[in-house]
Amino acid sequence: MASNEEVAALLQEYADLLSITGGDAFKARAYERAARAVGGHSADVSGLDAKALKAIPGVGASIAGKIGEYLRTGRVAAVDEARERIPAGVRELTAIPALGPKRALVLYEELGVSSVDELAAAIGEHRLRGLKGFGPKSEEKLLHGIDLLRAATGRIPVDTALALAEDVVARLAEVPGCERCTYAGSLRRRRGTAGDLDVLAAAADSGPLTAAFTGLPVVGEVIGTGGTKTSIRTADGVQVDLRVVPPDAWGAALQYFTGSKEHNIRLREIAVRKKLKLSEYGLFHARSGRRIRVATEEDVYARLGLPWIPPPLREDRGEIEAAARGELPEPLAESDLRGDLHTHTDLTDGIDSLEAMVDAARRRGYSYYAITDHAPELRMQRMTKERMLAQRERVAELDARSRRRSGGLRLLHGTELNIAPDGSVDWPGEFLETFDVCVASVHSHFTQPRDEMTRRFLAAVENPHVHVIGHPTTRKAGRRPAVDADWDEIFAACARTGTALEVNAHPNRLDLPDELILRARGHGVKFAVDSDAHSVPDLANMRYGAGIAQRGWLTAEDVVNTWPLARLRSFLRAKAA
DNA sequence: GCCGTTTTCGGCCCGACTGTTTTCAGTCG
């Protein structure tokens, strides 16, 4: 897995370097496409021969050769040569908003600028004056861009993005003349983070909407405004783009602005082959320019010979081919989730009591709900066997009371075990087998070497009492990277032993990430989408977990906590048998 | 560099906005 990501990063770097040095732009694009395909490929490229490499879409003889060279030697001569021509700092310059590869090269060749800091200094010394392509406005914009880059905390988490988007949409929807309004972009595709937000509105006259948008209380600055597109930045630094389209362009526009860019490129290629032209303004006959009526997204896809594709799948990861074959998965819906298998109470590090959490679970309409407080190895939680057994008694009482109501919520008593560096867990098997469900997770020693980390996970997966591996990569947004392990080996073991992998729904975790879900799914693994709630409001995080699961092509059948309780219980019992 | 029910050569998605280049290139999405 690491090799797929490494190779993808290397191909992307080469694509960037090619676009800076100029020459054939299509060549750079070919490397970009190959980078994406390798990054999302379901098999580990380090195990593939040249023929199998060339079977990856966008990988031909030349790129397959470079991948082989990298896997054999750890280097690629062509990339090394490009790195010698273009220092890494020049590539970093293109991260500055409004500065692309062409002008980054001018700065490097004419002024010797090869880092963001050097650019800031050069602007301060007015050395850009008279440089071709750089006028007085450029200095100002670049300085502003450098400030943003330095202040940038990267992408914003999905919960923040969704709250902002829903607020903006609600306010714009009330503007007179606004016929439709929604958010599109990566947020509609349910990515775990958002770079900027895309809001789409339909109106005959964009004026009132544009005025309302630039006057929103959240606006920090107006970046640009025109007849169809207006961009603002909030006081918190989040860019929001509003597009206003005529009502009869809604279907094509919503499709276009939902993306992804890669998905849309593929759709336009299909349109071109059908002698059509697709843009955000509609679908047209290429020759006559005559408009084809496409009122909805469904109409757009149908006219291209495809069924409607759910937004979380629109990443050019094979969804267009699957749609053409009529083999699109029916994505998991949040409402398919009948219960939660990983939650905490104030007995350990949760905020709310058992009773409050159970009440909230009932209000969510769940059929079953597992309480899985931490086990003793997380020392700060002060857990003991006695405390756990006392909780179990209370859970049994609540369950008995609930059971007397028809269709009442059923409770499971579980625990979240700690996977020690050697792969062992907190309690002996005799005690573990008395739990309904055991989640096991890594909470420390994140930097073990890859082979040790892999053995650690495998030991936990092979444990007959471990049902779910919690937040498998342990990544935390902006704080901690994923641990390094041989995921394919772990996923194969999960499939073999009937161990579920968690899709942890907390917005800062979203773990497994969608790329690894896709990969695990290929091994035939089952999943549990869990909130890992430490408070009542946390239970609602399930929507983000469902979104990531959709992006991983999971169906309800793949996710054990969509199953009826009896089927779930037999899955849990089968592990130890 | 990749790719093929029009093609093994000649294409490769499309449009808006900005600033500066007096007619368009660069950047972005």
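Everything numeric here is computed off the predicted structure, so don't read it as measured data.

## Let's talk about the sheet that holds strand β7 (residues 239–245)
Here is step 1: Reading across from one edge, β2-β4-β7-β6-β5 is the order of the five strands in this open sheet, with mixed pairing throughout. In this open sheet, the two edge strands, each paired with only one partner strand, are β2 (180–183) and β5 (219–225). Strand-to-strand twist of the sheet, defined as the mean angle between neighbouring strand axes without regard to direction, takes the value 20°.
Here is step 2: Bridge count for strand β4 (residues 197–202) against β7 is six bridges, and the pairing is parallel. Bridge assignment links L200 to a residue of β7, and that residue is R243.

## Quick notes on the pattern of salt bridges
Here is step 1: For the structure shown, the criterion picks out 33 salt bridges.
Here is step 2: One salt bridge connects E221 with R233, and the closest N-O pair in it is separated by 3.1 Å. Residue E221 is found in strand β5, and its partner R233 is found in strand β6 (residues 229–234); the two are separated by twelve residues along the sequence.
Here is step 3: For E221, a relative accessible area of 28% corresponds to the partly exposed category.
Here is step 4: Overlapping salt bridges, with partners in common, bring together R33, R266, E269, D316 and E321 in one network.

## Digging into the protein's contact with DNA strand B
Here is step 1: As a structural note, the neighbourhood of DNA strand B is formed by 46 residues, with R29, G60, G135, R268 and K275 the closest of them.
Here is step 2: The contact in question runs from a base oxygen of DNA strand B to an N or O atom on the side chain of D24, over 3.0 Å.
Here is step 3: A distance of 2.6 Å separates a phosphate oxygen of DNA strand B from a polar atom in the backbone of G60.
Here is step 4: Looking at the surface near DNA strand B, the elements with two or more residues in it are α2 (25–39), α4 (61–73), α7 (101–111), α9 (136–151), β5, α14 (261–273) and β8 (276–279).

## Quick word on the packing of aromatic side chains
Here is step 1: Taken as a whole and assessed by the stated rule, the structure comprises eight aromatic pairs.
Here is step 2: Look at W427 and F435: their rings are 5.9 Å apart centre to centre, the planes differ by 25°, and that puts the pair in the stacked class.
Here is step 3: We classify F435 as buried; its relative accessible area is 5%.
Here is step 4: Residues F431 and F435 carry aromatic rings whose centres are separated by 5.3 Å and whose planes lie at 70° to one another, so their mutual orientation is edge-to-face. Both residues of the pair, F431 and F435, belong to the buried class.
Here is step 5: Joined through ring pairs, the aromatic side chains of W427, F431 and F435 make up one cluster.
Here is step 6: The cationic tip of K385 hangs over the ring face of F431; the distance from NZ or CZ to the ring centre is 4.9 Å.

## A closer look at the nonpolar core
Here is step 1: Ranked by size, the top nonpolar core spans 89 residues in total, and within it Y369 and F527 carry the most contacts.
Here is step 2: With eight residues, helix α10 (residues 158–173) is the single largest residue contributor to this core.
Here is step 3: Residues from two domains meet in this core; each of domain 2 (156–245) and domain 4 (334–576) gives at least three.
Here is step 4: Beyond its immediate sequence surroundings of up to four residues, Y369 is in contact with D340, T343, M357, V358, A361, L409, R410, L411, L412 and L539.
Here is step 5: A28, A34, A82 and I96 belong to the second-largest nonpolar core, a separate cluster that totals 45 residues.

## Topic: unusual backbone geometry
Here is step 1: For the bond running from G259 to S260, omega is -5°, close enough to zero to count as cis.
Here is step 2: Along the polypeptide, S260 turns up in the loop between α13 (250–258) and α14.
Here is step 3: Phi at D316 takes a positive value of approximately 55°, unusual for a residue other than glycine.
Here is step 4: In this fold, D316 is placed in the loop between α15 (297–303) and α16 (319–324).

## Remarks on the sheet that holds strand β11 (residues 339–340)
Here is step 1: Reading across the sheet, the seven strands line up as β11-β12-β13-β14-β15-β16-β17 and stay open at both edges, with parallel pairing between neighbours. Since the sheet does not close on itself, it has two edges, and those belong to β11 and β17 (527–530), each with one partner.
Here is step 2: Here strand β14 (residues 437–441) pairs with strand β15 (residues 468–469) via two bridges, running parallel. Its bridge partner lying in β15, A440 is registered against I469.
Here is step 3: Sheet contacts for helix α24 (residues 565–576): β12 (368–374), β13 (410–418), β14 and β16 (500–504); angle to β13, the most-contacted strand, approximately 30°.

## So, the packing of helix α22 (residues 514–522) against helix α23 (residues 542–551)
Here is step 1: It is the contact of α22 with α23, at a shortest axis distance of 8 Å, that shows an interaxial angle of 55°. Here α22 is positioned oblique relative to α23, judged by the angle of their axes. When the axes of α22 and α23 are compared, the crossing they make is right-handed. Facing D514, I517 and L518 of α22, the residues of α23 in contact are I548, A549 and R551.

## A word on the side chain of K575
Here is step 1: Along the chain, K575 turns up in helix α24.
Here is step 2: Look at K575: it is buried, it has no salt bridge, and the nearest opposite charge is E462 at 7.2 Å.
Here is step 3: At 2.8 Å, the side chain of K575 forms a polar contact with the side chain of T499.
Here is step 4: K575 has contacts with V461, N463, P464, V466, H467, T497, G498 and T499, leaving out every residue within four places of it along the chain.

## Notes on the domain arrangement of chain A
Here is step 1: Parsing chain A into structural domains produces domain 1 (2–151), domain 2 (156–245), domain 3 (249–324) and domain 4 (334–576).
Here is step 2: Measuring from the centre of the C-alpha atoms in domain 2 to the corresponding centre in domain 3 gives 23 Å.
Here is step 3: At the interface, 16 residues of domain 2 touch 16 residues of domain 3.
Here is step 4: When domain 2 packs against domain 3, the two sides together hide about 1300 Å² of surface, and 66% of this comes from carbon and sulfur.
Here is step 5: The largest contributions to the domain 2 side of the interface with domain 3 come from R188, R189 and V245, which together make up 50% of the buried area.
Here is step 6: One can count two salt bridges joining domain 2 with domain 3.
Here is step 7: Of the charged contacts in the structure, one is a salt bridge between R189 and E315, with a shortest N-O distance of 2.7 Å.
Here is step 8: One can count five residue pairs in polar contact (both at pLDDT 80 or more) joining domain 2 with domain 3.
Here is step 9: Secondary-structure elements contributing two or more residues to the side of domain 2 that touches domain 3 are β2, α11 (185–188), β4 and β7.

Cut-offs used in this document
Residues numbered from 1 in each chain as written. Chains lettered and ligands numbered in written order. Predicted model: local features only at pLDDT ≥ 70, side-chain atom pairs only at ≥ 80, totals over all residues. Heavy atoms only, no water. Pairing = 2+ DSSP bridges. Helix = DSSP H or I, 4+ residues; strand = E, 2+ residues; numbered from the N terminus. Axes fitted to C-alpha atoms, helices over the stretch in contact; angles between N-to-C directions. Salt bridge = Lys/Arg side-chain N within 4 Å of Asp/Glu carboxyl O. Buried < 20%, exposed > 50% of the residue type's maximum accessible area, 1.4 Å probe, protein only. Near = heavy atom within 4 Å. Polar contact = N/O pair within 3.5 Å; in protein donor to acceptor, adjacent residues only side chain to side chain. Phe/Tyr/Trp six-rings, centres within 6.5 Å; stacked < 30°, edge-to-face > 60°. Lys NZ or Arg CZ within 6 Å of the ring centre and 35° of its normal. Core = buried A, V, L, I, M, F, W, Y, C linked by side-chain atoms within 4.5 Å. Domains from an automatic or database assignment. Contact = heavy atoms within 4.5 Å. Parallel < 35°, antiparallel > 145°, perpendicular 65-115°, else oblique. Left-handed = near helix turned anticlockwise from the far one by under 90°. Lys, Arg positive; Asp, Glu negative; His and termini not counted. Buried area = accessible area lost by both parts, 1.4 Å probe.

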